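Here's the letter readout for the chains.
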Amino acid sequence: MDTKIEFLYLSEADMIAAGVNDSRHCISVCEEVFGLLAKGDYLMGGSGHNSHGMGIIFPKETPFPNMPVAGPDRRFFAMPAYLGGRFDVCGCKWYGSNAANTSKGLPRSILMMNLNDKDTGAPLAYMSANLLSAARTGAVPAVAAKYLAKKGAKTAAIIGCGPINRSCFRHIAAQLNDLEKVYCFDIMKDKAADTAGWAKENFGIEGIAVDELPDALKNADVVTVAASRIKPLYIENSWLKKGSCVLLTGPAKGDDDLWLKNKIVYDHIGLHENYVAEAIESGDKDNYYNGVIGGPIYHLIDEGKLPALKESVSLGMMVNVDKTGRENDEDIYIFVACGMAVFDVAVSYEVYQEALKKGIGQKLLLWDTPAL
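Throughout what follows, the structure given in this document is the object of discussion.

**Observations regarding the layout of surface pockets**
Considering only enclosed or pocket space, the second largest pocket measures out at about 230 Å³ in volume. Around the second largest pocket, the lining comprises 13 residues; the ones closest to its centre are A149, K150, K151, G152 and Q175. Class assignment for the residues of the lining of the second largest pocket results in 4 nonpolar, 3 polar and 6 charged.

This is how it looks when you write it as structure tokens:
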């Protein structure tokens, strides 16, 4: 009996060589995942199999000298999942996050991804996941843009000009064949200017940095939001262009009209139901809602102003043709995405398979024969 186990290690350079930055392929894979989510062919963490993940959140104070304390965006998180269909594999994304990293020349979050055999649990691959996570984060709203953006959209807005929203825009732009102009807004004006230049250089479109948020929104057909969790931005419904599509990958607050007068589409209903259940279990529902992207919507559902989540529409329903996508050019659509490990599993599986085909990466030995 052969008990030898090896697994593939992929560095960030290996991930690039294996195609992690292939936007169009990543979008196609994520669209496939939405279909599996709607069918139920997946498992995530928690008793209901819909948890975003489990994290370590540090206390404000501790008597132990070496224990970390709370800081801006400081946490560790594990995001496990099984994904069915042709993927049929388990995986877990693990990351540590700390806003102070940027002062050290490091990304805010440092991420790694495991893939495992679904039966034995044996490791298949261990890989750098910063680019992986950015790719799937960007591809998810890009799939939404395919179904929710009006045809012939020519203008876009990037709200929050960090690396994640650049990834979002890079993928979204791959879906917008008629795009001519993008407005860029960030509370740090130099970042908005840099992103406007980046958009022009990389996509051949006009990039315009604006100082005020309404100026970025009023002419945009497609809006991608991935701003700071530390200080969520505020959007008034009157600032939005008729027929626009707002893709929320980061938190945003707004007036009631923003949520009540527009069509809301969720990434996955089960995930949002799980957030609400966790909020109730926490004993401080309002505070919990304030920490998640869908929080403002959950408040309105609790108040009876919006339909219950189980009566709402997810993007997977549209992918599987259970629900239609955009129905006219007048409605404003808001897509709410909170991040799910199934997308990390799917995209990492694709990169892993490509690495095997091309001989990319380093095989590492776990054991020839297990000692126990």
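Next comes the rest of the account.
**With respect to the sheet that holds strand β9 (residues 181–185)**
Pairing is parallel across the open sheet formed by 8 strands, whose spatial order is β10-β9-β8-β11-β13-β17-β15-β16. The open sheet has two edge strands, β10 (206–209) and β16 (313–314), and neither has a second partner. Two strands pair when backbone bridges link them, and strand β11 (residues 222–225) and strand β13 (residues 245–248) are joined in this way by 4 bridges, in the parallel orientation. Residue pairing for β13: T224 is matched across the bridge by L247.

**Points about the nonpolar core**
I159, F169, F335 and V342 are the most contacted members of the largest nonpolar core, which totals 118 residues. Setting aside its immediate chain neighbours within four residues, F335 contacts F34, V140, P141, A144, L148, V246, L247, L248, V265, Y266, D267 and L315.

**With respect to the packing of aromatic side chains**
The final tally for this structure, using the stated rule, is 10 aromatic pairs. Taken together, a centroid distance of 5.3 Å and an interplanar angle of 80 degrees make the contact between W198 and F203 edge-to-face. W198 gets classed as buried once you look at its relative accessible area, which sits at 16%. With a relative accessible area of 28%, F203 lands in the partly exposed category. Pairing Y289 with Y298 gives two aromatic rings, centres 5.4 Å apart and planes at 65 degrees, and the pair type is edge-to-face. A single burial state applies to Y289 and to Y298, both of which are buried. Put simply, the rings of F58, F76 and W94 touch in pairs and so form one group of aromatic residues. Taking the ring centre of F58 as reference, the NZ or CZ of R74 above it sits at 5.5 Å.

**Let's talk about the pattern of salt bridges**
What the rule picks out here adds up to 19 salt bridges. Notably, a salt bridge pairs R136 with D344, separated by 3.0 Å at the nearest N-O pair. Residue R136 is found in helix α3 (residues 130–148), and its partner D344 is found in helix α12 (residues 341–358); the two are separated by 208 residues along the sequence. Taking relative accessible area as the criterion, R136 reaches 6% and is therefore assigned buried. Given the relative accessible area of 0%, D344 is considered buried.

**Some remarks on helix α8 (residues 269–282)**
Its 14 residues place the ends of α8 20 Å apart at the C-alpha level, agreeing with the 20 Å of an ideal helix rising 1.5 Å per residue. Restricting attention to buried positions, one finds in α8 the residues I269, G270, L271, H272, N274, Y275, V276 and A279. Following α8 by one or two positions, G283 has its phi on the positive side, about 80 degrees.

**Focus on the side chain of N237**
Along the chain, the position of N237 falls in the loop between β12 (233–235) and β13. Residue class for N237 comes out buried when judged on its relative accessible area of 13%. Excluding residues that lie within four positions of it along the chain, N237 makes contacts with D255, D257, L258, K261, N262 and I332.

**Digging into the pairing of strand β17 (residues 333–336)**
Of the two faces of β17, the one carrying Y333 and F335 and the one carrying I334 and V336 are both buried. Of the pairings in the sheet, the one linking β13 to β17 comprises 4 bridges and is parallel in character. Pairing of L247 across the sheet is with F335, part of β17. Relative to β17, strand β15 (residues 263–266) runs parallel, the two being bridged by 4 bridges. Bridge pairing links V265 to F335 in β17.

Each value, and the rule that gives it
In every chain, residue numbers begin from 1 and rise along the written sequence. Whole-chain, interface and lining totals are the exception, using all residues; otherwise, since this is a predicted model, local features are given only for residues with pLDDT of at least 70 and side-chain atom pairs are given and counted only at 80 or more. To get the side-chain values, take all heavy atoms of the structure and skip hydrogens and water. Here a cavity denotes grid points, spaced 1 Å and computed from the protein atoms alone, that fit a 1.4 Å probe unable to get out, and a pocket denotes an open set having protein on both sides within 12 Å along at least 5 of 7 lines; residues with an atom within 4 Å of a point are the lining. Grid points are joined across faces, edges and corners, and a volume is the space filled by probe spheres set on the points. Gly is placed with the polar residues, together with every amino acid not listed as nonpolar (Ala, Val, Leu, Ile, Met, Phe, Trp, Tyr, Cys and Pro) or charged (Asp, Glu, Lys and Arg). Whether two strands pair depends on DSSP finding at least two bridges between them. A run of DSSP states H or I qualifies as a helix once it reaches four residues; a run of E qualifies as a strand once it reaches two. Both are numbered from the N-terminal end. For the purposes of this section, nonpolar cores are sets of buried Ala, Val, Leu, Ile, Met, Phe, Trp, Tyr and Cys residues that join through side-chain atoms within 4.5 Å. Throughout this description, buried means an accessible area under 20% of the type-specific maximum (1.4 Å probe, protein chains only), exposed means over 50%, and partly exposed covers the range between. Only heavy atoms matter for contacts: two residues are in contact if any of them lie within 4.5 Å across the pair. Pairing of aromatic rings covers Phe, Tyr and Trp, the last counted by its six-membered ring, and requires centre-to-centre distances within 6.5 Å; plane angles under 30 degrees mean stacked, over 60 mean edge-to-face, and any other angle means tilted. Whether a charge sits over a ring comes down to the Lys NZ or Arg CZ being within 6 Å of the ring centre and within 35 degrees of the ring normal. One side-chain nitrogen of Lys or Arg within 4 Å of one carboxyl oxygen of Asp or Glu is enough to make a salt bridge. Here a helix's expected span is defined as the number of its residues, less one, multiplied by 1.5 Å.

Keep in mind these numbers describe shape, not what the thing actually does.
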